[in-house]
Each structure stands twice: as C-alpha cells, then as structure tokens.
Amino acid sequence: LFQAAELYAHLFNALRGNITALFPPPPPPSQLPGPADDVHAWQFLAALAAAASVEQQHMLVSEARGHVLTSVQLAKSGHLPSDVASAITANVNLFLNALGLDASQVAA
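Residues numbered from 1 in each chain as written. Predicted model: local features only at pLDDT ≥ 70, side-chain atom pairs only at ≥ 80, totals over all residues. Heavy atoms only, no water.

The subject of this paragraph is the overall build of the protein chain. A count of helices and strands for the protein chain gives four helices and zero strands. When the helices and strands of the protein chain are placed in sequence order, the string is α-α-α-α. Its C-alpha atoms give the protein chain a radius of gyration of 15 Å, within 12% of the compact-globule value 13 Å for 108 residues. Reported as C-alpha extents along the three principal axes, the dimensions of the protein chain are approximately 45 × 25 × 20 Å. Sorting the 108 residues of the protein chain into buried and exposed places 32% on the buried side. Here the contacts in the protein chain between residues at least 6 apart in sequence split such that 70% fall between residues at least 24 apart. (Helix = DSSP H or I, 4+ residues; strand = E, 2+ residues; numbered from the N terminus. Rg over C-alpha atoms; globule rule 2.2 N^0.38 Å. Buried < 20%, exposed > 50% of the residue type's maximum accessible area, 1.4 Å probe, protein only. Contact = heavy atoms within 4.5 Å.)

Here is the structure:
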C-alpha cells in the first residue's frame, strides 16, 4: 500500500502545473464543441481526485477551474443542443462528483 501511495504522489507531482495540458485545444469558432472531445481528461481528473489528499484536491480544483467554468458556462448558455449541453455537464460532473461537488453549484 505504501508503494502505491508513493507512486501516486510521484504521478501527482509530475502533473502539478500541467493539468490543463490534459485537455484538447478548443475547436475552431465555426465548430461546436462535442462532449467526446474532453471526456477522457475529466475521467482522469476524477480518478486523481478520488485518491487525492485535501491539499491535492485543492490543487486540482485550482488548476482545472478555468475548464470547469468554461464548460459549465457553455452548457448553460443555450447555444448548444440540449443533449450536447447535458453531456458536457455530465463530463464536468465526473470530476466534480469525485470531489463531492456538482456543476449545479457552479455559478455561470
């Protein structure tokens, strides 16, 4: 168990400051974003958050904050079909739910 915790800490420290690099670049303005574009980044962040200490969770939230806000605002904007908006919200909730939070708690 100690070895697993040590490996996690090493992985976490390697990612520190680079969390936003997990997300793909935004699509061109002429193309609507799709929920499949960044689902893997949200899944990975959720896995990290589930095993993170409180301090590590704070760092994850701090680094992912811009993506959380942008995604929630986009989903609530009314500019996307409702199924796409719901899928984007569900993706963000993968991460937020691992922290005991929900996208509905994010002011957009």
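Turning our eyes to something else, we now look at the packing of aromatic side chains. This structure, assessed with the given rule, holds three aromatic pairs. A centroid spacing of 4.8 Å and a plane angle of 70 degrees characterise the contact between Phe23 and Trp42, whose relative ring orientation is edge-to-face. Of this pair, Phe23 sits in the loop between helix H1 (2-15) and helix H2 (39-51) while Trp42 is found in helix H2, placing the two residues 19 residues apart along the sequence. (Phe/Tyr/Trp six-rings, centres within 6.5 Å; stacked < 30°, edge-to-face > 60°.)

In this section: the packing of H2 against helix H4 (residues 82-98). It is at 8 Å that the axes of H2 and H4 come closest, and there the two elements cross at 5 degrees. Accordingly, the angle class assigned to the pair H2 and H4 is roughly parallel. Together, Val39, Trp42, Gln43, Leu45, Ala46, Ala49 and Ala50 of H2 and Asn91, Val92, Leu94, Phe95 and Ala98 of H4 make up the contact between the two elements. When the residues that make up the contact of H2 with H4 are grouped by side-chain class, the tally is 10 nonpolar, two polar and no charged. (Axes fitted to C-alpha atoms, helices over the stretch in contact; angles between N-to-C directions. Parallel < 35°, antiparallel > 145°, perpendicular 65-115°, else oblique. Nonpolar A, V, L, I, M, F, W, Y, C, P; charged D, E, K, R; others polar.)

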